[in-house]
Amino acid sequence: FNILARPLNDKHYLQLLHLLKYGRLPNLKNPKLLSEKMLWRMLYDRKEEYRRITDKAALAGYLAEKGLEHYLPTRYFVGPDPRQIPFDRLPKRYVVKPSHVSGMIAFVDNADQLDREALIKTCKKWQRIDYFNKGREWQYKGIPRNIIVEEHLGAGVEAPVYKIHCFHGEPQVIFVRSSDAARPGTFTWLDSHWKPIGSDIPAQKRAEIAKPARLQELLGAARTLSAGFDHLRVDLYQFPDRLVLGELTLTPANGMMTHSKELQILKGKMWHLDTNKKRRGENTYRGGKRR
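The rules behind these values
Residues numbered from 1 in each chain as written. Predicted model: local features only at pLDDT ≥ 70, side-chain atom pairs only at ≥ 80, totals over all residues. Heavy atoms only, no water. Helix = DSSP H or I, 4+ residues; strand = E, 2+ residues; numbered from the N terminus. Rg over C-alpha atoms; globule rule 2.2 N^0.38 Å. Buried < 20%, exposed > 50% of the residue type's maximum accessible area, 1.4 Å probe, protein only. Areas by Shrake-Rupley, 256 points an atom, 1.4 Å probe, with all protein chains shown as cover. Lys, Arg positive; Asp, Glu negative; His and termini not counted. Charge placed at Lys NZ, Arg CZ, Asp CG, Glu CD. Phe/Tyr/Trp six-rings, centres within 6.5 Å; stacked < 30°, edge-to-face > 60°. Lys NZ or Arg CZ within 6 Å of the ring centre and 35° of its normal. Pairing = 2+ DSSP bridges. pLDDT = per-residue confidence, 0-100. Contact = heavy atoms within 4.5 Å. Axes fitted to C-alpha atoms, helices over the stretch in contact; angles between N-to-C directions. Core = buried A, V, L, I, M, F, W, Y, C linked by side-chain atoms within 4.5 Å.

Peer 1: Please give an account of the overall build of the protein that cites residues and values.
Peer 2: From N to C terminus, the protein includes ten helices and twelve strands. Computed over the C-alpha atoms, the radius of gyration of the protein is 20 Å, within 12% of the 19 Å expected from 2.2 N^0.38 for a compact globule of 291 residues. The dimensions of the protein, computed from C-alpha atoms along their principal axes, are 55 × 45 × 35 Å. Taking all 291 residues of the protein together, the buried fraction comes to 51%. When the accessible surface of the protein is summed, it comes to about 14,400 Å², and 51% of that surface belongs to carbon and sulfur atoms. Each charge class in the protein was averaged separately, 51 positive and 32 negative side chains, and the resulting centres sit 7 Å apart.

Okay, structure coming up:
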């Protein structure tokens, strides 16, 4: 799809993607559903701050300003040249990831058995990726292509992750996937009081998940990090002795979430989108130029 649709401008590309995903064109003149508001943001609400919190290397500075730098894993290296990674000074376990893309990570579980050249090749492959062209998520455009080496916290299954959807600086909806091996793929949607929402989740997919001991800390961190944003997803891992930030996400799943109509409507109502920004000509860019 990306290859065939590459000649399209951002608006036509995203409209076509929405049509293929949901079977209908998005209403961008008067967006109501969450996916429509997400696409409106991608096209017409483009702030430099969005790029800053999306850049995994720059994220450390944002957390420091918020007084939450202790929620980041310890970092051992950040730089553009993977050949400069100080392999001989690293611990036995660590992770490596690019700063400019989402969902790519290499886990080093035993440095003694590491093929360094293979890892360097992987890093260089990551750096060739233009993540903006994969989904027209504007905030990824122009992010420096650095490599990050940081503390190994596990392969993402040892600690639960809470994906907290915040609207206007307030945590409203929490997504949690079950870690129960007996019920793989089950999940639940909850409000900030840990009450289930989304009544149309099939019974075989719905998970019963205990309230986390650090719920108020999770909500407080999400509230602090999302302050000033009309919508932001804050992903936090809960370990026995600490919380760790996974990422801050402005356009989950490129705006093409696998949501029920009920959740699309519910979350869309929580987001009071200021569509006058487009009419005022504020923060509306296309290809780096003001429209």
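Now, onward.
Peer 1: Give me the lowdown on the packing of aromatic side chains, citing residues and values where you can.
Peer 2: For the structure on display, the rule yields eight aromatic pairs. Residues Tyr131 and Tyr140 carry aromatic rings whose centres are separated by 4.6 Å and whose planes lie at 65° to one another, so their mutual orientation is edge-to-face. On the accessibility criterion, Tyr140 (11% relative accessible area) is buried. Site record: aromatic cluster; members linked through ring pairs are Phe175, Phe187 and Trp189. The ring of Trp138 carries the charged tip of Arg51 above its face, separated from the ring centre by 4.5 Å. For Arg136, the ring lying beneath its charged end belongs to Tyr13, and the centroid distance is 4.2 Å.

Peer 1: Run through the sheet that holds strand 9 (residues 231-239), naming residues and quoting values.
Peer 2: Pairing in this open sheet of six strands is antiparallel, and the strands run 8-7-6-5-9-10 from one edge to the other. Looking at strand neighbours, the two that pair on one side only are strand 8 (196-197) and strand 10 (242-249), the edges of this open sheet. The pairing of strand 9 with strand 10 spans seven bridges and is antiparallel. Note that in strand 10 the partner of Asp235 across the bridge is Glu247.

Peer 1: Break down the confidence of the model for the protein for me, citing the residues and quoting the values.
Peer 2: Scored by pLDDT, the protein has a mean of 90; 92% of the residues are at 70 or more. Counting interchain partners and residues more than four positions distant, the pLDDT-below-50 stretch residues 281-291 has 27 contacts.

Peer 1: Summarise the sheet that holds strand 3 (residues 106-108); cite the residues concerned and give the values.
Peer 2: Strand order in this open sheet of four strands is 1-4-2-3, and the pairing throughout is antiparallel. Single-partner strands in this sheet number two, and they are strand 1 (75-79) and strand 3. The average undirected angle you get between the axes of adjacent strands in this sheet is 15°. Bridge count between strand 1 and strand 4 (residues 147-151): four bridges; the pairing is antiparallel. Bridging from a neighbouring strand, Gly79 pairs with Ile147 of strand 4.

Peer 1: Break down the nonpolar core for me, with residues and values.
Peer 2: Membership of the largest hydrophobic core comes to 30 residues, with the highest contact counts inside it found for Leu63, Val234, Leu245 and Leu248. Listed by contribution, the elements that provide at least two residues to this core are helix 4 (48-54), helix 5 (59-65), strand 5 (161-167), strand 6 (170-177), helix 8 (215-226), strand 9 and strand 10. Broken down by element, the residue count for this core peaks at six residues, all from helix 8. When near neighbours in sequence (up to four residues on either side) are disregarded, Leu248 contacts Ile53, Leu59, Tyr62, Leu225, Leu232, Arg233 and Val234. One finds Ala5, Trp40, Phe167 and Leu273 within the second-largest nonpolar core, a separate group that totals 26 residues.

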